[in-house]
Amino acid sequence: MPAPLMMALATLLFALMGVCVKFASAHYPTGEIVFYRGLVGALTMAVLMRHAGTSLSTPVPGMHLWRSACGVSSLSLWFYAIGGLPLATAMTLNYMSSVWMALFLIGAALRLGTERVDRRLIATVVIGFIGVALILRPTIERDQLVHGLVGLVSGMLAAMAYLQVSALGRIGEPETRVVFYFSLGSMAAGLALTLPFAGLHTSHSVGGGALLLAVGVFATAAQLLMTRAYTRGRALVNASLQYLGIAYSFLFGVLLFDDPVTPIALAGIAMVVAAGLTATRLRATVSPPLVNSAPTETRPP
């Protein structure tokens, strides 16, 4: 399968995962959804690693722990945001990760004493945050403001997770092992968020069980397809195609959840997409010390 087609399919699967999370959030707490998403991912990766002869042992457990901490926190916050926001809004806020990474690059440039910060990077950050303001103002009611802020933070944490994924890739850690330990982290976080309260459900309806399984299957398949697309395809093309996920989510939100459609919200989404694409392109042209800190892939956690 060509890389662009894999990328387009991956974004569709991620959007379908978001649909399932939104439906499941009416029956399950966020922690339980995170747990089952991790369970399906861990079992799938364990099977693939066994088939490929990849060892579970890692020489860098600390790096996996930090990647899992950032990724699981982002994932949990994102799932919480999906439960209380229009689907396309939650997806867009999480996809702010590219803009957050541009902000990280600016901070790194200042810390390293670079003579000047690329003004284009500053522009992408400003445009991205203006886009977020346009999205949140027309589509979030007062009682949804917390969900909106949580979604915004999820994108920042996702950017930190991508940076760590890049670092793990540079030292030669297999992708399946990275995803496996991330999935284990999801299971642990899901239990920590659930057990002190109501605990995991001891019985499931057919519909509820199917939704939890679908979240895990869609997420795992999408992650594998997207990782393979970044391995085989061109990074900028893939980064461009990933924003199809927002379009898919917008369509599903309107058709399935009666999410509002406003010109201002559409303009905000367009600004976030433009800022993310520009930031992705510029990350390939900044000075070498910053390039080494940039991620090799961009995707939901």
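Just above sits the structure.
Everything in this summary refers to the structure shown in the same document. If you're wondering where the values come from, they're calculated on a predicted model, not measured in any experiment.

Cut-offs used in this document
Residues numbered from 1 in each chain as written. Predicted model: local features only at pLDDT ≥ 70, side-chain atom pairs only at ≥ 80, totals over all residues. Heavy atoms only, no water. Patch = residues over 30% accessible without salt bridge, like charges linked within 9 Å, V, L, I, M, F, W, Y side chains within 5 Å. Areas by Shrake-Rupley, 256 points an atom, 1.4 Å probe, with all protein chains shown as cover. Salt bridge = Lys/Arg side-chain N within 4 Å of Asp/Glu carboxyl O. Helix = DSSP H or I, 4+ residues; strand = E, 2+ residues; numbered from the N terminus. Buried < 20%, exposed > 50% of the residue type's maximum accessible area, 1.4 Å probe, protein only. Core = buried A, V, L, I, M, F, W, Y, C linked by side-chain atoms within 4.5 Å. Phe/Tyr/Trp six-rings, centres within 6.5 Å; stacked < 30°, edge-to-face > 60°. Lys NZ or Arg CZ within 6 Å of the ring centre and 35° of its normal. Expected span 1.5 Å × (residues − 1).

Before going further, it helps to spend a moment on a nonpolar patch on the surface. Taken together, the side chains of Phe23, Leu251, Leu255 and Leu256 present a nonpolar region at the surface, about 390 Å² in accessible area. With three residues, helix α11 (residues 244-257) is the largest single contributor of residues to the nonpolar patch. Inspection of the secondary structure puts Leu256 in helix α11. On the accessibility criterion, Leu256 (44% relative accessible area) is partly exposed.

Next up on the list: the nonpolar core. Among the nonpolar cores identified, the biggest contains 69 residues, and Met17, Ile33, Trp78 and Phe79 are the most heavily contacted of them. Ranked by residue count, the leading element in this core is helix α1 (residues 3-24), at 12 residues.

Applying the stated rule across the entire model yields four aromatic pairs. Seen in terms of ring centroids, Phe23 and Phe257 are 4.9 Å apart; in terms of plane orientation they differ by 50 degrees. Their pairing is tilted. A residue pair is termed long-range when its members are at least 10 positions apart, and Phe23 in helix α1 and Phe257 in helix α11 qualify at 234 residues. Seen in terms of ring centroids, Phe35 and Tyr36 are 5.0 Å apart; in terms of plane orientation they differ by 80 degrees. Their pairing is edge-to-face. Across the pair, Tyr36 and Phe35 agree in class, each one buried. Against the face of Phe257 rests Lys22, its NZ or CZ located 5.5 Å from the ring centre. Directly above the aromatic system of Phe182 lies the positively charged group of Arg67, at a separation of 4.3 Å from the ring centroid.

This paragraph deals with helix α7 (residues 145-170). In an α-helix, one turn spans 3.6 residues, which is why side chains three or four residues apart end up on the same side. End to end, α7 covers 38 Å across 26 residues, agreeing with the expected 38 Å (1.5 Å per residue, within 8%). Looking one or two residues past α7, Gly172 carries a phi angle of roughly 95 degrees, positive in sign.

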